[in-house]
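# Structural characterization, general
Each chain is listed here by its residues.
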Amino acid sequence: MKSKSLIKTISVSLILLGVIALIAFTLCTEVEFGPDYQSKYYATWISLLPPVIAILLALVTKEVYSSLFLGIISGALLYSRFDLELAFQTMLFGKTPDGDAAGMIPKLSDSWNAGILVFLVILGILVSLMNKSGGSAAFGRWASKHIKTRIGAQMATIVLGMLIFVDDYFNCLTVGSVMRPVTDGHKVSRAKLAYLIDATAAPICIIAPISSWAAAVTSSVPNDAGINGFQVFLKTIPYNFYAILTIVMLVYITVRRVDYGPMKKHELNAIRGDLFTTGPVEGTEEEEANPRGRVLDLLLPVVVLIAACIMGMVYTGGFFAGESFVDAFANADASVGLVYGAFIALLFTFFYYMYRNIITFKEFMACIPKGFIAMVSPILILVLAWTLSGMTGLLGANVFVAEAVGGSASAFHALLPALVFLVGLGLAFATGTSWGTFGILIPIVLGVFPSGEMMVISIAACLAGAVCGDHCSPISDTTIMASAGARSDHVNHVSTQLPYALTVAAVSLVTYIIAGYSENAWISLPVGIVLMIGTLFVIEKIVGREKEDTADRKAEEA
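One structure accompanies this document, and this report is about it. Please read all numbers here as calculations on a predicted model, not as lab measurements.

### Things to note about the overall build of the chain
In terms of regular secondary structure, the chain is built from 28 helices and zero strands. Counting all 558 residues of the chain, 56% fall into the buried class. Considering only intrachain contacts with a sequence separation of at least 6, the fraction spanning at least 24 residues in the chain is 79%. With an accessible surface of roughly 22,400 Å², the chain has 67% of that area assigned to carbon and sulfur atoms.

Written out as structure tokens, the structure reads:
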């Protein structure tokens, strides 16, 4: 089976690279490479080929590393017009004309990216420590007494995901480490756990006033002409239909036990005892539980981590230098703040565990490389995804999309929010970045609607489209983190989540059309919720409900 999969991967890869070569040699003209060099394909439809290739390969071959790498290679070759020396230099060391990181080495040396990687490593260490101390096992035993059903396990995951709204990376890994033993015990597939984590990460952060996403949105809205970025963000919350309807869908499919698409196969296999369907992924082996562990050994480090991350973020925004809490969060550097918070939590965990005498100093030190190893896979995917994003930036994919929207926006008015939603979805899907998407589209929206309710609706549509594209894209960092938090196969997570995300996207699109005409959240939002529930009801009638297991039946009878 593995040899067939390898042959399939190589065959598809060679075909796609051959197509790129044909396009390049057909359109190629002799050119001099200088400091002001710009690819002939800059800001054309061809600039979208690298992410499309990576995404198609990942979905067809079910192998993410080679797919991302081939996407990077195709981007570098298109940028250099198949000049191998320039392609090699671009892929490893390339920078944009403005000096921004594009190649793999500059992406790794970027301070923001490096901070995220350090944060992931520290979180991996904390998870390893909580497992070694027996805290995770103790929480699992506690949860088994209080959470009796598969529905209860999934609802607990949703609630915890909604409570941890500070940052999507932090959300994904924390919820995953805490709830994984619980969902495993109730036979919830790892693909379903990854979806529950992902669907309560970015969608919650994008409607939470105190989060790294709120800060990013606020910084994307210029504070001139009487516009306050944070106030605009608050006004967009009831119009962020994708985020709100995602939560509605989560509750419906969990309570009604409705699954469809590839997810249904994963869930049925999990009920029979196979949590992975395609086999366990590397790093799914749990630490041997310490019988002296207590629930507090898990909860206390997590609470300290949350508090320290919040304090770290507002510290970077100048809170302790006199800024208000809201302004400090709006100006926060999420990467630096999360590293501060994670490091403080690690120090606290060390002294707490030493005081409790539940692990030795030697065991604590042994958890450091184990935690790092557990994060190697998501770190590798993140680095490749960042580099692919850099290649699309060199080819001007974002400029192509922005010009297409800017050129047609004046012809629309009431339909503009729906158009912005679709464009944001496509751009985030192709580039794998939500923040970059609304950073590009918000200025365009403000150019069309400088003020008023339509400005708010269109910005909300931009944010919603970015989150939706983020959910659909296998090269999105949040999607990668959700797979890491659930310790699920990444391609399994993407393929099972896609039908759910597209269902919510379709209902959101209709709701934005209604909002464009009504310009009233209290009309369009209830209509959208009713449409979402109605759509899910129809799907339920078509696919049916999962049969309740024995524990569910006994709990309902009690």
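### A few points about the packing of helix H15 (residues 262-271) against helix H26 (residues 490-518)
Running from amino to carboxyl end, H15 crosses H26 at an angle of 120°, the nearest separation of the two axes being 7 Å. It follows from the interaxial angle that H15 and H26 lie oblique. Between H15, through Pro-262, Met-263 and His-266, and H26, the contact on the second element is made entirely by Asn-492, Ser-495, Thr-496, Pro-499 and Tyr-500. In terms of residue class, the contact of H15 with H26 is made up of four nonpolar, four polar and no charged.

### Quick notes on empty space enclosed by the protein
With the rule as written, the count across this model stands at three cavities of 30 Å³ or more. Estimates place the volume of the largest cavity at around 70 Å³. Lining the largest cavity are Leu-123, Leu-126, Val-127, Met-130, Leu-173, Thr-174, Ser-177, Pro-301, Val-302 and Leu-305. For the lining of the largest cavity, the secondary structure elements donating two or more residues are helix H6 (111-133), helix H9 (168-185) and helix H16 (296-316). Looking at the lining of the largest cavity, its residues break down into eight nonpolar, two polar and no charged.

### Points about H6
A rise of 1.5 Å per residue sets the reference length of H6, with its 23 residues, at 33 Å; its end C-alpha atoms lie 33 Å apart and thus fit the reference within 8%. Counting buried residues in H6 gives 19 out of 23 residues, a clear majority hidden from the surface. For H6, the side-chain oxygen to backbone nitrogen distance between the N-cap and Asn-113 is 3.1 Å, and the N-cap itself is Asp-110. Looking at the residues trailing H6, positive phi occurs at Gly-134, about 90°.

### Some remarks on the packing of aromatic side chains
Going through the model one piece at a time under the given rule, you end up with 13 aromatic pairs. Ring geometry for Phe-319 and Phe-320: centres 5.1 Å apart, planes at 80°, overall edge-to-face. Judged by relative accessible area, which is 29%, Phe-319 ranks as partly exposed. Consider the rings of Phe-350 and Phe-351, whose centres lie 5.1 Å apart with planes at 75°: the pair is edge-to-face.

### Examining the environment of Thr-277
Among the structural elements, Thr-277 can be located in the loop between H15 and H16. With eleven residues separating them in the primary sequence, Thr-277 and His-266 have C-alpha atoms 6.0 Å apart. Once residues within four sequence positions are removed from consideration, Thr-277 is found in contact with Lys-265, His-266 and Asn-269. Side chain to side chain, Thr-277 and Asn-269 meet in a polar contact 3.2 Å long.

### Overview of the side chain of Thr-387
Summarising the element assignment, Thr-387 is placed in helix H20 (residues 376-394). Accessibility expressed as a relative area gives 0% for Thr-387, which makes it buried. Aside from chain neighbours lying at most four places away, what touches Thr-387 is Ile-72, Met-91, Ala-102, Gly-103, Met-104 and Lys-107.

### A closer look at the nonpolar core
Nonpolar side chains in soluble globular proteins tend to be buried together. In this structure, Phe-119, Leu-120, Leu-126, Leu-129, Leu-305, Leu-382 and Met-481 are the most contacted members of the largest nonpolar core, which totals 86 residues. In this structure, Trp-213, Ala-243, Leu-416 and Met-455 belong to the second largest nonpolar core, which totals 69 residues.

### Describing the packing of H26 against helix H27 (residues 521-543)
Two numbers describe how H26 lies on H27: the axes approach to 9 Å, and their chain directions differ by 150°. In this view, H26 runs roughly antiparallel relative to H27, as classed from their interaxial angle. The two elements H26 and H27 cross, and the hand of that crossing is right-handed. For the pair H26 and H27, the contacting residues are Thr-503, Val-504, Val-507, Val-510, Thr-511, Ile-514, Ala-515 and Ser-518 in the first and Ile-523, Ser-524, Val-527, Gly-528, Leu-531, Met-532, Thr-535 and Ile-539 in the second. Residue composition of the contact of H26 with H27, grouped by class: ten nonpolar, six polar and no charged.

### A short note on helix H7 (residues 135-146)
In a regular helix each residue adds 1.5 Å, so twelve residues correspond to 16 Å; H7 covers 16 Å between its end C-alpha atoms and thus fits that length. Considered for burial, the residues of H7 that qualify are Gly-135, Ser-136, Ala-138, Phe-139, Gly-140 and Ala-143. Buried residues along H7 sit in contact with H6, H9 and H16.

### Topic: a nonpolar patch on the surface
Together, Met-311, Tyr-315, Phe-320, Val-336, Tyr-340 and Ile-344 give the surface a local cluster of nonpolar side chains, amounting to about 580 Å² of exposed area. Top element by residues in the nonpolar patch is helix H18 (residues 334-356). It accounts for three residues. Tracing the sequence through the fold places Ile-344 in helix H18. When its relative accessible area of 45% is taken as the criterion, Ile-344 is described as partly exposed.

### Focus on the pattern of salt bridges
Within this structure, the stated rule accounts for seven salt bridges. A salt bridge links Lys-192 to Glu-267; the nearest nitrogen and oxygen atoms lie 3.7 Å apart. With Lys-192 in helix H10 (residues 190-199) and Glu-267 in helix H15, this residue pair connects regions lying 75 residues apart in the sequence. Of the two residues, Lys-192 and Glu-267, both sit in the buried class. The salt bridge involving Asp-297 is made with Arg-356; its shortest N-O contact spans 2.8 Å. With Asp-297 in helix H16 and Arg-356 in helix H18, this pair connects stretches of sequence that are 59 residues apart. When salt bridges that share partners are traced, they join Arg-150, Lys-192, Asp-259, Glu-267 and Glu-546 into one network.

### Observations concerning unusual backbone geometry
Backbone geometry at Lys-187 places phi at a positive 60°, although glycine is not the residue there. Following the sequence through the fold, Lys-187 ends up in the loop between H9 and H10.

Rules behind the numbers
Residues numbered from 1 in each chain as written. Predicted model: local features only at pLDDT ≥ 70, side-chain atom pairs only at ≥ 80, totals over all residues. Heavy atoms only, no water. Helix = DSSP H or I, 4+ residues; strand = E, 2+ residues; numbered from the N terminus. Buried < 20%, exposed > 50% of the residue type's maximum accessible area, 1.4 Å probe, protein only. Contact = heavy atoms within 4.5 Å. Areas by Shrake-Rupley, 256 points an atom, 1.4 Å probe, with all protein chains shown as cover. Axes fitted to C-alpha atoms, helices over the stretch in contact; angles between N-to-C directions. Parallel < 35°, antiparallel > 145°, perpendicular 65-115°, else oblique. Nonpolar A, V, L, I, M, F, W, Y, C, P; charged D, E, K, R; others polar. 1 Å grid on protein atoms, 1.4 Å probe; cavity = no way out; pocket = protein on both sides within 12 Å on 5 of 7 lines; lining within 4 Å. Points joined across faces, edges and corners; volume = space filled by probe spheres on them. Expected span 1.5 Å × (residues − 1). Polar contact = N/O pair within 3.5 Å; in protein donor to acceptor, adjacent residues only side chain to side chain. Phe/Tyr/Trp six-rings, centres within 6.5 Å; stacked < 30°, edge-to-face > 60°. Core = buried A, V, L, I, M, F, W, Y, C linked by side-chain atoms within 4.5 Å. Left-handed = near helix turned anticlockwise from the far one by under 90°. Patch = residues over 30% accessible without salt bridge, like charges linked within 9 Å, V, L, I, M, F, W, Y side chains within 5 Å. Salt bridge = Lys/Arg side-chain N within 4 Å of Asp/Glu carboxyl O.

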